[in-house]
Amino acid sequence: MGVRRPFIAGNWKMNMLSSQAADLMRTLDHGFSGEDDVDIAVFPPAIYLRDAVKLLSNSTIQVGAQNVCWERNGAFTGEISPAMLKDMGVHLAIIGHSERRTIFLEDDAMINRKLRHALDEGLMPVLCIGETLSERNAGKTEAVIERQISKAFTDVPRDRIPRVTVAYEPVWAIGTGKTATPEQAQQVHRVIREWLGTVCGEGKAATIRILYGGSVKPENARELLHQPDIDGALVGGASLKADSFLAIAEAALY
Ligand code: 13P
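Counting restarts for each chain: residues are numbered from 1 in the order of the written sequence. Reporting of local features is limited, given that this is a predicted model, to residues whose pLDDT is at least 70; pairs of side-chain atoms are given and counted only at 80 or more, and all residues count toward the totals for whole chains, interfaces and linings. Water and hydrogen atoms were dropped before computing side-chain values, which therefore reflect all heavy atoms in the structure.

*Asks:* Can you help me understand the side chain of Arg193 in this one?
*Replies:* In this description a helix means any DSSP run of H or I spanning at least four residues, a strand means any run of E spanning at least two, and both kinds are numbered starting from the N terminus. Mapped onto the elements, Arg193 comes out in helix H8 (residues 182-200). In this structure the side chain of Arg193 is engaged in a polar contact, spanning 2.7 Å, whose partner is the backbone oxygen of Ile208. Only heavy atoms enter the contact rule, under which two residues are in contact if any of them lie within 4.5 Å. In contact with Arg193, not counting residues within four places along its chain, are Arg4, Ala205, Ala206, Ile208, Ile210, Asp229 and Asp231. We call two N or O atoms a polar contact when they sit within 3.5 Å, provided that within protein one can donate a hydrogen and the other can accept it, with sequence-adjacent residues counted only if both atoms are side-chain atoms.

*Asks:* I'm lost on the layout of surface pockets in this one. Help?
*Replies:* Taking a probe equal in size to a water molecule and rolling it over the atoms shows the remaining empty space. Space inside the largest pocket adds up to approximately 600 Å³. Only protein atoms enter the 1 Å grid used here. Points where a 1.4 Å probe fits but cannot escape make up a cavity, open sets with protein on both sides within 12 Å along at least five of seven lines make up a pocket, and a residue lines them when an atom lies within 4 Å of a point. Residue lining of the largest pocket: 23 residues in total, with Lys13, Met14, Gln66, Asn67 and Arg100 positioned closest to the centre. The nonpolar class holds Ala, Val, Leu, Ile, Met, Phe, Trp, Tyr, Cys and Pro. Asp, Glu, Lys and Arg form the charged class, and all remaining residues, Gly among them, are polar. Looking at side-chain class alone, the lining of the largest pocket contains 14 nonpolar, five polar and four charged residues. Grid points are joined across faces, edges and corners, and a volume is the space filled by probe spheres set on the points. Approximately 310 Å³ is the volume found for the second largest pocket. Considering the residues around the second largest pocket, the lining is formed by 21 residues, among which Phe7, Gln62, Leu92, Met124 and Arg209 are closest to the centre. Contributing elements (two or more residues each) for the lining of the second largest pocket: helix H2 (49-55) and strand S3 (62-65). Along the lines of polarity and charge, the residues of the lining of the second largest pocket split into eleven nonpolar, six polar and four charged.

*Asks:* Would you mind showing me how to read the nonpolar core here?
*Replies:* Taken as a class, soluble globular proteins show a tendency for nonpolar side chains to be buried jointly. If you look at the biggest cluster of nonpolar residues, it comprises 67 residues, and the most contacted ones within it are Ile8, Phe153, Ile192 and Leu196. Look past the residues within four positions of Phe153 in its chain and what remains in contact with it is Asn112, Leu115, Leu127, Ile161, Val164, Trp195 and Leu196. Grouping buried Ala, Val, Leu, Ile, Met, Phe, Trp, Tyr and Cys residues that are joined through side-chain atoms within 4.5 Å yields what is termed a nonpolar core. Throughout, exposure labels follow a simple rule: accessible area from a 1.4 Å probe, protein chains only, divided by the maximum for the residue type, with under 20% read as buried, over 50% as exposed, and the rest as partly exposed. In this structure, Ala41, Val126, Cys128 and Ala167 belong to the second largest nonpolar core, which totals eleven residues.

*Asks:* Explain the pairing of strand S8 (residues 232-235) here, please?
*Replies:* Side chains Gly232 and Leu234 project from S8 onto one buried face, and the interleaved Ala233 and Val235 project onto a second face that is buried too. Any two strands between which DSSP finds at least two bridges are classified as paired. Sheet analysis places strand S1 (residues 7-11) next to S8, joined by four bridges and oriented parallel. The residue bridging Gly10 from the neighbouring strand is Val235, located in S8. Bridge count between strand S7 (residues 210-213) and S8: two bridges; the pairing is parallel. Within S8, the residue paired with Tyr212 across the bridge is Ala233. Handedness of the crossover joining S7 and S8 through helix H10 (residues 218-225): right-handed. With the strands pointing away from the viewer, any crossover whose connection runs clockwise from the first strand over the helix to the second is right-handed.

*Asks:* Any chance you could explain H8 here in plain terms?
*Replies:* Residue pairs spaced three or four apart in an α-helix point in one direction, given the helix's 3.6 residues per turn. By this rule the span expected of a helix is its residue count minus one, scaled by 1.5 Å. Along its 19 residues, H8 runs 26 Å from first to last C-alpha, staying within 8% of the 27 Å computed at 1.5 Å per residue. Among the residues of H8, Pro182, Ala185, Gln186, Val188, His189, Val191, Ile192, Arg193, Trp195, Leu196, Gly197 and Cys200 are the ones counted as buried.

*Asks:* I tried to follow the sheet that holds strand S2 (residues 39-43) on my own but got confused; where do I start?
*Replies:* Two modes of strand pairing occur in sheets, parallel and antiparallel, and in both the strands are linked by backbone hydrogen bonds. In space, the eight strands of this closed barrel follow the order S1-S2-S3-S4-S5-S6-S7-S8, with parallel pairing throughout. Strand-to-strand twist across the sheet, computed as the mean angle between neighbouring axes with direction ignored, equals 25 degrees. Two elements, strand S6 (residues 165-168) and S7, share three bridges in a ladder whose sense is parallel. Looking at the pairing, Val166 lines up with Ile210 of S7. The strands touched by helix H5 (residues 108-120) are strand S4 (92-95) and strand S5 (124-129); relative to S5, the strand with the most contacts, the crossing angle is about 160 degrees. The axes used here are C-alpha line fits, helices contributing only the stretch in contact, and every angle between their N-to-C directions lies in the interval 0 to 180 degrees.

*Asks:* Explain the site of the ligand here, please?
*Replies:* Taken together, Asn11, Lys13, His97, Glu169, Ala173, Ile174, Gly175, Gly214, Ser215, Leu234, Gly236 and Gly237 make up all the residues around the ligand. Asn11 places a polar side-chain atom, nitrogen or oxygen, 3.0 Å from an oxygen atom of the ligand. The side chain of His97 places a nitrogen or oxygen atom 2.8 Å from an oxygen atom of the ligand. Each accessible area is a Shrake-Rupley result for a 1.4 Å probe, and residues are judged covered by the shown protein chains and nothing else. Here the ligand loses 95% of its free accessible area of 310 Å² to cover by the protein chains. It suffices for a single heavy atom of a residue to lie within 4 Å of a molecule or strand for the residue to be listed as near it.

*Asks:* Mind showing me how you'd approach the packing of H5 against helix H7 (residues 141-152) here?
*Replies:* Two numbers describe how H5 lies on H7: the axes approach to 8 Å, and their chain directions differ by 45 degrees. It follows that H5 is oblique to H7 by the angle criterion. Together, Asp108, Ile111, Asn112 and Leu115 of H5 and Arg147, Gln148, Lys151 and Ala152 of H7 make up the contact between the two elements. Across the contact of H5 with H7, the residue classes tally to three nonpolar, two polar and three charged. Each angle is binned into one of four classes, with values under 35 degrees roughly parallel, values over 145 roughly antiparallel, values of 65 to 115 roughly perpendicular, and all other values oblique.

This is the structure in structure tokens:
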């Protein structure tokens, strides 16, 4: 992982009631010393963000949103803008998660607008990309990754690119128990870093964190996290239990 500080992020998706969410945050806060050489963030459902910021106000655990709108305000029923997140003390936002792409029909153009607006407003985006099983089986993984990343970054000023964390999440590995092998993941991470290098220079690309997501668990985290271009994990199911999430964070260190 070299110069890049590992980043372990928990995407809670649409899980937990408020008391469970609060319990989990308290347990995480208690269990994470904050002196460890790893960054940790939780991404609770939007309705819990205010509580999360308050609960973790003295913690080094960061809080992020699972989604964000591409507009500042206006007639966008059900949406939340970057300005609103920042106003609440939230500075991280996941953009382009595959569940948003497939279930809520977000396309590359929407994701590009979200990414540009989030950066304009000073958020730190976590951009998700990843191929489906049929795309992988058809040998299209690298083409899909390059298409998603180049469309997401269209018209993003070069100097802003290093503010983005990229998460490679192969769709076939999400919630399925099937993990990409460390070699499969590393190969795609290298492609992503090379692409970043061509647009913002190798030196800058070397500072950008690229997370792996898709059935990360304490049992498989260490091998994944010690690949040269894997700088952390975006964890779904295993982030809902403090033990497993903290074990994954620990795996990034040793
Ligand atoms: P799982 O860890 O449950 O496979 O989810 C991964 C994910 O989608 C994180 O954003």
